[in-house]
Amino acid sequence: MKEILKTKNLSKFFYGLKALDRVNINVEKDKLTLIIGPNGSGKTTLINVISGFYKADEGQILFNGMDITNKPPHEINWHGIVRTFQVPQPLKKLTVLENLLIAEQNPGERILNSLLKKWVKKEEEIVEKAYNYLEFLGLDHLWDSEAYKLSGGQLKLLEIGRALMANAKLIVMDEPIAGVNPVLANNILDRITELKKQGITFLIVEHRLDIILKYVDHVYVMANGKVIAEGGAEEILNNKEVIEVYLGATDEAVKCGV
Amino acid sequence: MAQEYLILDIVIWFGLYLIVCISLNVEYGFGGIPNFGRALAVLIGAITVGGIVNRILMATFGVSGGIVEASGLVKSVTNEIIAANPAIGIGILVASLLLAALLGAITGALFILPSAKLSEDYLAITLLAISEVMFMVSYYNTDMIGGYYGVSVPNVLAFVPGEQRLSIFALIILLIAFLAYLLVDRVTNSPYGRLLRAIRENEMVAEAYGKNVMVVRIKTVAFGSAIAALAGALYAYYSVNVIASSFSRVEWTFYPFLMILLGGLANNKGVIAGVLAFVTVKVLLMVYKFEITAALHLPFEAVWLEYIMFGILMLIILIYKPEGLIKEKPIMTDPIKRLVDKIKKAK
């Protein structure tokens, strides 16, 4: 067991509200770790703190043993962490293809290199890679339309495609398959399983347990900013506390006649 | 004869404004940085010529005293030397342009540095304020570039007979505008241009994908300011004097914004269209404003016609045609063009 990401007593407060309360998680390398929990339990806050968009108030985040706590988002990306957003964040006036191309670092993004055309080789490589991802996601026919023309579901796919496209060691996804049709959701998770074999680790927040559970390696359950349970999928499904706060107290529901 | 001057006027202003607008388009059109301090970079270009080159010449010829009187003396001495030796005139021009670009870049970066983290509207106001302060200082402080007296500037084309000077200068301005356009077009039709547009659309995504937004902004403003400073230096040599009042926010910040909005943001060809349309109307208005006022029986002085017209034009563009004359287009790098061919073949 080798962990790629580790949080140590990570806490985040919003004016007295403990959004994260001494959270300790270990993300194992080349595995899919799932975080579940009711709304407002701190899942997205955790992602925001890990990716540098929020500053942690206490605790530490270690990535491959290196302390990355409170570094700016772009530096965290350079270490190899990429994240997606729960609400898709398209670059609206850029084309679908361009939205993916931005995921990688290109030498031509510097003024002098762009003047000297020191970017054509890299561009060639990422254009092909991006188009392959568009084909996989079924967005290839839309490659040259601006992102604002896409539907909600398509934007979701674009958001995923951009993250898979980036050369990341750890991909953190916030509800990647919410609003995606089941067939494609399974395809995406199959692709994730494939990428896992290539040495990419996934940390995912998701509510669609029916689809995702058969793909996950390890589950953390959060409630009120705390981790209340962890374990394999089976173990979690049978955990009493988890059933109570998240999955729903089925027994009581039956008693009440729901 | 009058018509010839009209055309020369259009060419000169087209060239000067193209340089300023193409630089502003990189910052605002592509990068979404609302640089309401564009006039500052142009002023820096003029200060380079009127304040710095003049002082270098004063030191060379051993002229002492206040800059206002000394610049007049330096001008006549330098003009004589240039008349006998054209290479010196061209040399001074080229060196001044390079120095102006360098100082433009430095001041641009310096002034955006503390404010680059601000959101769009606050950034615009801050840059406008910095530009205004600099304008006031250079207008009321007579030591820098002569304040409200202004300073004289050598005629770098002193070797050219008087009647040809204007047309040759127009060609020089046009040439430099053309080079600035090519430079910007090459730099923006690349992953850098795409990055700027991405930052403009969504800063958060750019950060999440490893782009250092602050640094990109600072470099972009430095690049834009370097180019805009060329226009200031050229304008100083064209008018053979520098006076701060010629570098007002209306002429060098608001009009350029109007021109790039008219032409189409984030589209370099659009900038050409916008500048050409604007300059033609402006020059014709200036020349014929008395006739127009008389013909239309306007109840106000002719000088206000320009401001009113352009103000209304700005509103019309923003309401009815916010994308401008030529719409923003995706950046088609060579590899993307090859992809298009492949897709077409597959069909």
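Residues numbered from 1 in each chain as written. Chains lettered and ligands numbered in written order. Predicted model: local features only at pLDDT ≥ 70, side-chain atom pairs only at ≥ 80, totals over all residues. Heavy atoms only, no water.

Listed per partner, the contact involves 43 residues of chain A and 37 residues of chain B. Joining chain A to chain B, the criterion identifies 5 salt bridges. A salt bridge links A:E124 to B:R338, with the nearest nitrogen and oxygen atoms 2.7 Å apart. At the boundary of chain A with chain B, the tally comes to 20 residue pairs in polar contact (both at pLDDT 80 or more). Taken together, the elements giving at least two residues each to the side of chain A that touches chain B come down to α2 (73-79), β7 (81-83), α3 (96-101), α4 (111-115), α5 (120-137) and α6 (152-165) of chain A. In the side of chain A that touches chain B, the residues fall into 22 nonpolar, 8 polar and 13 charged. (Contact = heavy atoms within 4.5 Å. Salt bridge = Lys/Arg side-chain N within 4 Å of Asp/Glu carboxyl O. Polar contact = N/O pair within 3.5 Å; in protein donor to acceptor, adjacent residues only side chain to side chain. Helix = DSSP H or I, 4+ residues; strand = E, 2+ residues; numbered from the N terminus. Nonpolar A, V, L, I, M, F, W, Y, C, P; charged D, E, K, R; others polar.)

We now examine empty space enclosed by the protein. Residues and elements named next belong to chain B. In the structure shown here, the tally under the stated rule is 5 cavities of 30 Å³ or more. The calculated volume of the largest cavity comes to roughly 100 Å³. Within the residue set of the lining of the largest cavity, elements represented by two or more residues are α2 (38-61), α4 (86-112), α5 (120-140) and α10 (213-238). Per element, the largest residue contribution to the lining of the largest cavity is 5 residues, and it comes from α4. Here the lining of the largest cavity is built from residues that sort into 7 nonpolar, 7 polar and 1 charged. (1 Å grid on protein atoms, 1.4 Å probe; cavity = no way out; pocket = protein on both sides within 12 Å on 5 of 7 lines; lining within 4 Å. Points joined across faces, edges and corners; volume = space filled by probe spheres on them.)

In this model, chain B carries an average pLDDT of 92, and 99% of its residues clear a pLDDT of 70 or more. Model confidence for the complex: the whole-complex pTM is 0.92, and ipTM, which rates the interface, is 0.90. (pLDDT = per-residue confidence, 0-100.)

Within the largest apolar cluster, 95 residues are counted, with the highest numbers of intra-cluster contacts made by B:Y17, B:L234, B:Y237, B:W252 and B:V275. When residues no more than four places from it in sequence are discounted, the contact partners of B:V275 are B:F14, B:Y17, B:L18, B:C21 and B:M259. A:L94, A:L97, A:Y131 and A:I200 belong to the second-largest nonpolar core, a separate cluster that totals 68 residues. (Core = buried A, V, L, I, M, F, W, Y, C linked by side-chain atoms within 4.5 Å. Buried < 20%, exposed > 50% of the residue type's maximum accessible area, 1.4 Å probe, protein only.)

With that settled, the discussion passes to the packing of aromatic side chains. All names here are of chain B. Counted under the stated rule, the structure contains 23 aromatic pairs over all chains. Plain terms: the ring middles of Y139 and Y140 are 5.0 Å apart, the flat faces sit at 80° to each other, and that makes the pair edge-to-face. Judged by relative accessible area, which is 23%, Y139 ranks as partly exposed. Judged by relative accessible area, which is 53%, Y140 ranks as exposed. Both rings, one in Y235 and one in W252, keep their centres 5.6 Å apart while their planes meet at 65°; by these two values the pair is edge-to-face. With Y235 in helix α10 and W252 in helix α11 (residues 249-263), this pair connects stretches of sequence that are 17 residues apart. You can call Y235 buried: its relative accessible area is 14%. Ring pairing ties together the aromatic residues W13, Y17, F169, Y235, Y238, F247, W252, Y255, F278 and F310, which thus form one cluster. (Phe/Tyr/Trp six-rings, centres within 6.5 Å; stacked < 30°, edge-to-face > 60°.)

Residue and element names in this part refer to chain A. One open sheet holds the 6 strands; their spatial order is β7-β8-β9-β4-β10-β11, and the pairing between them is mixed. At either margin of the open sheet sits one strand with a lone partner, and together these are β7 and β11 (226-231). The average undirected angle you get between the axes of adjacent strands in this sheet is 20°. In terms of strand pairing, strand β8 (residues 170-174) meets strand β9 (residues 201-205) through 5 bridges, oriented parallel. Note on β9: the bridge partner recorded for V172 is L203. The strands touched by helix α1 (residues 43-50) within the sheet are β4 (32-36), β7, β8, β9 and β10 (218-223), with β8 carrying the most contacts at an inclination of about 145°. (Pairing = 2+ DSSP bridges. Axes fitted to C-alpha atoms, helices over the stretch in contact; angles between N-to-C directions.)

We now examine the packing of α5(A) against α6(A). Residue and element names in this part refer to chain A. For the pair α5 and α6, interaxial distance at closest approach is 10 Å and the crossing angle is 140°. By the angle between their axes, α5 is oblique relative to α6. Note that α5 runs across α6; the crossing there is right-handed. Residues I126, K129, A130, Y133 and L137 of α5 pack against L157, G161, L164 and M165 of α6. Tallied by class, the residues present in the contact of α5 with α6 amount to 7 nonpolar, 1 polar and 1 charged. (Parallel < 35°, antiparallel > 145°, perpendicular 65-115°, else oblique. Left-handed = near helix turned anticlockwise from the far one by under 90°.)

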